[in-house]
Amino acid sequence: MLDDSHAGGEGKGIWLWTIASGLLLFLMEFILFAALVPTHWARQASAAELLSLVQTLGPSTADAILNQAAGWFDALFIRTGVVSASYHLLIPDPHTPGAGMVKLAENPFWPWLAGRLEVVWIAIAQACQRVAMLCAWWPFFLILFLAAWGDGWVRRRIRQHSFAYASPLAHALALRIILWLVIGAFMLLFAPLALPALGVPLFGAVIAGLLGFAVANTQKRL
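Within each chain, residue numbers correspond to sequence positions counted from 1 in written order. Whole-chain, interface and lining totals are the exception, using all residues; otherwise, since this is a predicted model, local features are given only for residues with pLDDT of at least 70 and side-chain atom pairs are given and counted only at 80 or more. Note that the side-chain values use all heavy atoms of the structure and ignore hydrogens as well as water.

A. Spotlight on the side chain of Glu49. Structurally, the position occupied by Glu49 is in helix H2 (residues 39-57). Ignoring any residue separated from it by four or fewer positions in sequence, one finds Glu49 in contact with Gln126, Gln129, Arg130, Leu193, Ala194 and Leu195. In this text, helices come from DSSP runs of H or I with a minimum length of four residues, and strands from runs of E with a minimum of two, each type numbered from the N-terminal end. Contacts are assigned to residue pairs with any non-hydrogen atoms lying within 4.5 Å of each other.

This is the structure:
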């Protein structure tokens, strides 16, 4: 009992460490690209990803995804005033009454900061688009995950009756790879890169394969 409790606590600690590491990496990524990525690069990446979306899924599907993403961005950030408030708080307005405001606004630091804000909002708008694309694939994901789970369960039952060995190491490794892939996908939501539209179903297929492998190697005692 002590060994099982110790193993369970150690496994839980590894999962918590993995999640905390993923969140830290995401924060570092967001800070670095906000500070270093040129504005024109972010615009070009967004345009290239949009072109890939239209060419892969067709204009009608692409329009539906873009409209959904635009609606989310408008509801969360435009109508709530978050976007305008970010510029108002961080960028000085030369028309604001007060001595020295015109000279302060002419400092070259402020255009650079405005460009950083634009990069951030382009990334957030692109993340909304990527989430909308993930949601558009949910029927495919549902069928794929159910099929993978069923296949893994059948293979597990075959192993039980044939007295084949179900590896707990393989089971734990598959689950950890799934966790790291999910964390990586979350980080890619905000990455200033042009991601291919077919990356979404490919990601789902990899996750489904790992899920089936993990289920097939589940121990007899659940």
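B. Representation of the packing of H2 against helix H3 (residues 59-78). The N-to-C vectors of H2 and H3 enclose an angle of 135 degrees; their axes lie 6 Å apart at closest approach. One finds that H2 runs oblique with respect to H3. In contact with Leu50, Leu53, Val54 and Leu57 of H2, H3 contributes Pro59, Thr61, Ala62, Ile65 and Leu66. Of the residues that constitute the contact of H2 with H3, the class distribution is 8 nonpolar, 1 polar and no charged. In this analysis an axis means a line fitted to C-alpha atoms, helices contributing only their contacting stretch, and an angle means the value between N-to-C directions, from 0 to 180 degrees. In what follows, roughly perpendicular refers to angles from 65 to 115 degrees, roughly parallel to angles under 35, roughly antiparallel to angles over 145, and oblique to any angle outside these ranges. Any residue that is not Ala, Val, Leu, Ile, Met, Phe, Trp, Tyr, Cys, Pro, Asp, Glu, Lys or Arg is counted as polar, Gly included; the first ten are nonpolar and the last four charged.

C. Region of interest: the environment of Arg159. Looking at where Arg159 falls in the secondary structure, it is placed in helix H7 (residues 138-162). Taking C-alpha positions, Arg159 is 8.3 Å from Ala216, a pair spaced 57 residues apart along the chain.

D. Representation of the nonpolar core in the model. Judged by nonpolar contacts, the single largest core of 35 residues is most densely connected at Phe73, Phe77, Trp121, Ile124, Met133 and Phe190. Only helix H1 (2-36), H2, H3, helix H6 (109-136) and helix H8 (168-188) provide two or more residues apiece to this core. Sort the elements by how many residues they give to this core and H6 lands first, with 13 residues. In plain words, nonpolar cores are sets of buried Ala, Val, Leu, Ile, Met, Phe, Trp, Tyr and Cys residues tied together by side-chain atoms within 4.5 Å. Only protein chains enter the accessibility calculation, which uses a 1.4 Å probe; a residue whose area is less than 20% of its type maximum is buried, one above 50% is exposed, and one in between is partly exposed. By size, the runner-up hydrophobic cluster in this structure holds 5 residues, among which are Ile178, Ile207, Leu210 and Leu211.

E. Quick peek at empty space enclosed by the protein. Computed over the protein atoms alone on a 1 Å grid, cavities are sets of points where a 1.4 Å probe fits but cannot get out and pockets are open sets with protein on both sides within 12 Å along at least five of seven lines; a residue lines them when it has an atom within 4 Å of a point. Grid points are joined across faces, edges and corners, and a volume is the space filled by probe spheres set on the points. With the rule as written, the count across this model stands at 1 cavity of 30 Å³ or more. In terms of lining, the largest cavity is formed by Ala42, Ala45, Val119, Ile122, Ala123, Gln126, Phe190, Ala191 and Pro192. Among the secondary structure elements, those contributing two or more residues to the lining of the largest cavity are H2 and H6. The biggest single contributor to the lining of the largest cavity is H6, with 4 residues.

F. Expanded view of the side chain of Thr39. Along the polypeptide, Thr39 turns up in helix H2. Thr39 gets classed as buried once you look at its relative accessible area, which sits at 17%. Dropping the residues within four chain positions of it, Thr39 is found in contact with Gly115, Arg116, Glu118 and Val119.

G. Molecular detail of the packing of aromatic side chains. Pairing of aromatic rings covers Phe, Tyr and Trp, the last counted by its six-membered ring, and requires centre-to-centre distances within 6.5 Å; plane angles under 30 degrees mean stacked, over 60 mean edge-to-face, and any other angle means tilted. Taken as a whole and judged by the stated rule, the model has 7 aromatic pairs. Here Phe186 and Phe190 contribute two aromatic rings whose centre-to-centre distance is 6.2 Å and whose plane-to-plane angle is 75 degrees, an arrangement assigned as edge-to-face. With relative accessibility at 15%, the residue Phe190 sits in the buried group. In this structure an aromatic cluster arises from ring pairing among Trp137, Phe140, Phe141 and Phe145.

H. Geometry of the layout of surface pockets. Each pocket or cavity is described by its volume, and for the largest pocket that value is around 300 Å³. Around the largest pocket sit Arg130, Met133, Leu134, Ala185, Leu188, Leu189, Leu195, Pro196, Gly199, Val200 and Phe203, which together line it. Its residues placed into classes, the lining of the largest pocket shows 9 nonpolar, 1 polar and 1 charged.

I. Spatial organisation of helix H9 (residues 199-216). Helix span, as expected, comes to 1.5 Å for every residue beyond the first. Taking 1.5 Å as the rise per residue, H9 with 18 residues should run 26 Å; its terminal C-alpha atoms sit 26 Å apart, in good agreement. Along H9, the residues that are buried comprise Val200, Pro201, Gly204, Ile207, Ala208, Leu210, Leu211, Gly212, Ala214, Val215 and Ala216.

J. Structural view of the confidence of the model for the protein. Confidence of the predictor at the level of single residues is captured by pLDDT, which takes values from 0 to 100. The predicted model of the protein has a mean per-residue pLDDT of 81, with 81% of residues at 70 or higher. For the protein, per-element mean pLDDT is lowest for helix H5 (residues 101-105), which scores 51, and highest for H3, which scores 93. In the predicted structure, residues 1-7 sits below a pLDDT of 50 and forms 1 contact with residues beyond four places in sequence or in another chain. The low-confidence segment residues 98-102, where pLDDT is below 50, has 5 contacts with residues more than four positions distant or belonging to other chains.

K. View of a nonpolar patch on the surface. A patch is a set of surface residues, each over 30% in relative accessible area and not in a salt bridge, joined within 9 Å for like charges and within 5 Å for the nonpolar side chains Val, Leu, Ile, Met, Phe, Trp and Tyr. The Shrake-Rupley method, run with a 1.4 Å probe sphere, supplies the accessible areas, and residue values consider only the shown protein chains as cover. Note on definitions: salt bridges are taken to be side-chain nitrogens of Lys or Arg within 4 Å of carboxyl oxygens of Asp or Glu. A cluster of nonpolar side chains, contributed by Leu24, Leu25, Leu27, Met28, Ile31 and Trp180, occupies part of the molecular surface with about 570 Å² of accessible area. The element best represented in the nonpolar patch is H1, accounting for 5 residues. By secondary structure assignment, the location of Leu27 is in helix H1. Judged by its relative accessible area of 47%, Leu27 is partly exposed.

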